Structures are given as C-alpha cells and as structure tokens.
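Geometric and topological summary
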Amino acid sequence: MNIDIEELFRKTRAGDLKVDIYLLWCLSKPYFKVLAAAVFCSLVLSGINGAIAWLIKPVLDSVFIKKASGFLLLLPIGVIVLFTLRGIFNFLSNYLMNSIGAKIARSLRDSVYNKLLALPISFYQETSSGSVISKMQNDIQVLNHIVANTVKDFFVQGSTVVVLAAVAIIRKWDLALLSFIVIPLIILSVGWLSALMKRISAKTRILISEVTIILHESLQGIKIIKAFNMEKAMSERYRKALQEHYRNVMREVRTDEFSGFLAEALGGIGVAIIIFYGGHLVISGQISAGSFFSFVAAILLIYTPLKRLSKVVNNFQQTRTVFERMREIFVIDNEPQGGVDREIRGRIVLDDVSFRYPGSQHNALNNINLEIAEGNVIALVGHSGAGKSTLVDLIAGFWYPTTGDIYIDGVSTRDLKLKSLRKNLGIVSQDIVLFDDTIKENIRLGRPEASDKDIVESAKAAYAHEFIMEMPEGYETNIGERGVKLSGGQKQRITIARAILKNPSILLLDEATSSLDMDSEQRIQKAMETLMAKRTTVVIAHRLSTVKSAARIIVMNRGVIVQQGTHEDLLAEGGLYQELYNMQFMTSDPTRG
C-alpha cells in the first residue's frame, strides 16, 4: 500500500503530539506485516524475560533449599533454551525494525526529492542547497535510527514492563504496589525533560544544517578558496560551526542521560523499599526466599526497561523535530501543473511586464513591452544587472510577472502548461549545468529518446565532436561533477549540443558564447546561425559581435528598454548601444562602424 507522503504532511498541523504519532503510524502502515512480525517478536522476547524472572522461585526453592538433583540436571538445558530463544527473537525484532526504519527513510527521501523537483524557482532563491541536503541526509537518518531503535524499545521494553509487573504482582501483590510508587515520579520527570529535549533537538538540526551548508559551499567554491588563500578563514568558520553543533549535541546527551539518572535514582528508592520490607517478610516467614528473590528479580528487571522507556520519550522528540523540518518543504506549493497543453510555434509578446524578486524592494523589470515574431532572432544587450537574464527567465516560466503578462502564441504563460512550454524551449545558460555522467548522456538530456547517431550529429553541429573524440573514452567519458574534467569552452559546447539535439521552437541563449575563445566563438556562431534559422531566438551576450546579425537588438538599462533596432540603426542613433559597442571594439575591432 502506497501513501501520499506530501499530502500526509500538508493535511496535518505542526506541533501536536497526537498528529506526530499519527504521522509515524501512517509512514509505518505500508509495512504493517513487517511491523506486526516485529511486535510479535517483541512480545515473545518480553515473555521470555518474564519467564526468566518467574523461574527464579522454583530454581531457588528446588535446587538450593530442597536440594533436588534431578531439577539441577534440567536447569542448564532450560537456561540454554531460554537464552537462545531470547537471542533469536532479539535478532528478529532488531532486524525487522531496522528494515522498517530504512524503508521509511527511503520513501521519505524519495518523496522529498520529487517534491524538490516540483518546487518553484523562488524556493531555491530563498533556501540554501546545503540546508536542503542536511534535511535529506542528516534529519531523515535520525528518523531512521529512531524507528529502528526507539520504536523497537517502545514495544520490547513496554511489553517487558507489563510482563514483569504481572510476575511481581502474582508473587506478592502488596509488595509490588509498594514498589510501584516511584513510577509516577519517573513519568513526571520524563515529561518535563522531553519538552526540553524537543527544543534542544530542534536547535541541533539547525546547527548540523549550518555545518552541511559550509561544507557544500566549500566543495563548490574550492577554486576560489584556494585562489584567495581563504583556507584558514574557511577552516575557522567550519570549526566554529562544528563546535556549536558539538555543544548542542552534548546538551542533548546531558538531557537524555539525566532522564536515565532520575529513573535510576528513583528506581533505587523503590528497590530499597522492597529489600527492607521484603526482607522483613522473609524473616517473619510470610514469604519464601524463592518467592522473594523471584519478585526482586522481576522488579530489578522492570527498572532497566523503565529507564529505556524514559529515553524513548526523549528520542521521539527528535522525531517530532524532523517532522517539522520535513513539513517546511512539503507545505510549499509546487509549480502549477495544469494549463493549456499545445505545440508552440514561437510568437512571444510581453505586455507591460514588471517583475520584482521576492524580498526585494525594487523592480528588476519595469513596464516591458516587446513583441517577438515567430522565427525572429532578438538580442538583449546592456550592462550587468540590466534585467536581461530576468527577462529570459520569465519567458521560460521560471517566474511569473509581478504585473503585466507574457503571451506565447497568444496564450498567457500563467495559463500555459509549463511542461508544454519547456518541452519546446532550448536553453543555454551562463550557469553551465552538467551532471556527473558521460558526455553522451549529458547531451542526451536534450532529448532522452535520441539515438547515438543524433547525439553525434548534434555534437558536430556544436563543434564538440573533435575534442570529444580526443577524450580517453570518447562519448563514454565521464566528465565529473559539474563537468570538472572539461575546460570552460568544452563545457559550453556540450550544453549547446544538448540544445541543438532538443530541436526546440524557442531558443534562449544566455551568455551562450561568453566562455569561448575567439576561434571557438566564431565556429559556434556559425552553428548557432544554422540552429536559429526559422526558430524564435532570444540571445544575451556581452560580446556585441555575436548579435550583429540579429533582426532586432533590445538595449536594456536598469530594468527598462532604452533602445531597440538593428545594429546599424543603433550605431547611427548613438546612446547606450554605441557606448557599449565602443567599449568593446574601439581598440580591437577592425569592422567597427
């Protein structure tokens, strides 16, 4: 039976103990048969522990008082059988509960990952990737441990307490009730400490997230760290985060162990009462020595599981913290999944579009009005921060306009199914994204069903085939995380090959040739001209030589369009475009106008 984990978290409220218990039950329900088997093993294990305590009376009375040699011969066999059975059922209980914990962790990680893929870009704008990784790995691992051990302890130790309490009551009920007076005190102390543990555990999860963030940033930015001699500073930052996490972990340990200490101390009071009063009963002949020691064994055996049960409550508080952090992801709305599903030809209209990033006080785009005819090539130029990349992201449906609207073939991007839009988009971004896989598979991402022949043709069109064939294993060469084994120009050509393979109706080329040398750029430009034929294309480039052939050039500054026209018209007009052109070509471009 499968459950919708996202829906489960969305329909339950945070901070309610009953809700969190219900969540744990729902997550365990798909594995009910395994859970039932584990509970059965736990009950048998508890029964065996009770049997050991129960048998102390006949052993003492028959062997040590009545001197029954026949019983002595059977005793070792009985002990071996009982302890062997206890070992078997303990193994089965542990194995089955660990299996459930691992399966819940697997399901939760799978659900969180799919949720992350469905979340809007705004989530990643506001959330560090290190924090997300920490939730996926560290927090869910805590849940795995708690299900495997704490839930098991709840069943094993809880049922053991019940069985041993029954043994004690049967042996001497009045003495048993006297020994139980400390149990309410243990429960009260555990309740007080569990609330404290929940607060400490929540902070621990935050601190380990900060440790993960620093590690992730360091691995991503290792070149910058080395280039700026930042090793010592980053090491100090990481060490400080580790120390804060360590201190809070030790607060958890102190709180957890203090609950054990209270259970131990209060249990000692109960045992002292038993020994004093029970010893008096033995001396006065009201109870046999065998019955008394059987009773004492049961009570002593009860206090150990009671102490573990006190930790079960504390450990469950950690689970509640994990649930709260998982809920932070699941309650966020996904990108819209509905809308019009249609083939896209490529006409784009921006109608009075303004856009402001969440949390910003200023618009990134202001009152943009632009029409791009099907098959036209439009170039966006301007200083850094002018809004070029933002405009491209809006066309791709990564964001919706704050005001105004964008129409693709007459349909607003708000009404167009995003999968339909992106199926017809080809994107080459300035932020090159390659995966830790082979060159062939990285290109195939553009069209998963493409043949090897199609991939080779796309690579040739992107002028990547030659350097690929020089790699140790050609197209089967693994390029490492984010393409670390390739040069900047090689990585860019792989992403261009991917876009060529997709054969989209709309091309969005954001700094598409900014990482290439002049020779590679000229070759790529030829390939791009072939690719852009009869396709709506929006090109961003700081190098104005790559946009001279565009049907129209849009000049942007501080989020607004300040000029538009052909290359020649804009040079004749002067203004910002001429300023940008002169900055690049006054001294180096022999073709300058």
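Please refer to the structure higher up on the page.
What you see is a predicted model; the values in this text were computed from it and never measured.

1. Digging into the overall build of the protein
Of regular secondary structure, the protein possesses 20 helices and ten strands. Here the protein holds 593 residues, and 48% of them are scored as buried. The contacts of the protein with a sequence gap of at least 6 include a subset with a gap of at least 24, amounting to 77%.

2. Remarks on helix α17 (residues 488-502)
A turn of α-helix holds 3.6 residues, and therefore any two residues three or four places apart point the same way. Taking 1.5 Å of rise per residue, 15 residues should cover 21 Å, and α17 covers 22 Å from first to last C-alpha, within 8% of that figure. Burial analysis of α17 places twelve of its 15 residues in the buried class, which makes it a mostly covered element. Buried within α17 we find Gly 489, Gln 490, Gln 492, Arg 493, Ile 494, Thr 495, Ile 496, Ala 497, Arg 498, Ala 499, Ile 500 and Leu 501.

3. Comments concerning the packing of aromatic side chains
Counted by the stated rule, this structure contains nine aromatic pairs. With 5.9 Å between their ring centres and 70° between their planes, Phe 9 and Phe 323 make a pair best called edge-to-face. Here Phe 323 lies in helix α11 (residues 289-330) and Phe 9 lies in helix α1 (residues 5-10), a separation of 314 residues in the sequence. Ring plane angle 85° and centroid distance 4.8 Å describe the contact between Phe 355 and Tyr 357, whose orientation is recorded as edge-to-face. Under the relative-accessibility criterion, Phe 355 is labelled buried at 2%.

4. Describing the pattern of salt bridges
Where side chains of opposite charge bring their charged atoms close, a pairing between them can arise. One pass over the structure, following the stated rule, counts 18 salt bridges. Residue Arg 414 is joined to Asp 405 by a salt bridge in which the shortest nitrogen-to-oxygen separation is 3.6 Å. The structure contains a network of salt bridges with shared partners spanning Lys 440, Glu 441, Arg 444, Asp 452 and Glu 476.

5. Let's talk about a nonpolar patch on the surface
A cluster of nonpolar side chains, Leu 74, Ile 77, Val 81, Leu 85, Ile 88, Phe 91, Leu 92 and Tyr 95, forms an exposed patch at the surface whose accessible area comes to about 780 Å². Among the secondary structure elements, Leu 85 is positioned in helix α4 (residues 69-118). What makes Leu 85 partly exposed here is its relative accessible area of 34%.

6. Topic: the nonpolar core
By size, the foremost hydrophobic cluster in this structure holds 41 residues, and its most contacted members are Ile 439, Ile 443, Ile 468, Ile 494 and Ile 553. Per element, the largest residue contribution to this core is six residues, and it comes from α17. When neighbours within four sequence positions are excluded, Ile 468 is seen to be in contact with Ile 439, Ile 443, Ala 459, Gly 474, Tyr 475 and Ile 494. By size, the runner-up hydrophobic cluster in this structure holds 39 residues, among which are Ala 38, Leu 116, Phe 123 and Ile 146.

7. Examining the sheet that holds strand β8 (residues 536-540)
Pairing between the strands of a sheet comes from backbone hydrogen bonds, and it takes one of two forms, parallel or antiparallel. With respect to topology, six strands assemble into an open sheet ordered β6-β7-β8-β3-β9-β10, the strand pairing being mixed. Where the open sheet ends on each side, the last strands, each with one partner, are β6 (425-428) and β10 (560-565). Strand-to-strand twist across the sheet, computed as the mean angle between neighbouring axes with direction ignored, equals 15°. Of the strand pairs in this sheet, strand β9 (residues 552-557) and β10 are connected by five bridges, and their pairing is antiparallel. Across the sheet, Ile 553 pairs through a bridge with Gly 565, a residue of β10.

Reading the values: the criteria
- Residues numbered from 1 in each chain as written.
- Predicted model: local features only at pLDDT ≥ 70, side-chain atom pairs only at ≥ 80, totals over all residues.
- Heavy atoms only, no water.
- Helix = DSSP H or I, 4+ residues; strand = E, 2+ residues; numbered from the N terminus.
- Buried < 20%, exposed > 50% of the residue type's maximum accessible area, 1.4 Å probe, protein only.
- Contact = heavy atoms within 4.5 Å.
- Expected span 1.5 Å × (residues − 1).
- Phe/Tyr/Trp six-rings, centres within 6.5 Å; stacked < 30°, edge-to-face > 60°.
- Salt bridge = Lys/Arg side-chain N within 4 Å of Asp/Glu carboxyl O.
- Patch = residues over 30% accessible without salt bridge, like charges linked within 9 Å, V, L, I, M, F, W, Y side chains within 5 Å.
- Areas by Shrake-Rupley, 256 points an atom, 1.4 Å probe, with all protein chains shown as cover.
- Core = buried A, V, L, I, M, F, W, Y, C linked by side-chain atoms within 4.5 Å.
- Pairing = 2+ DSSP bridges.
- Axes fitted to C-alpha atoms, helices over the stretch in contact; angles between N-to-C directions.

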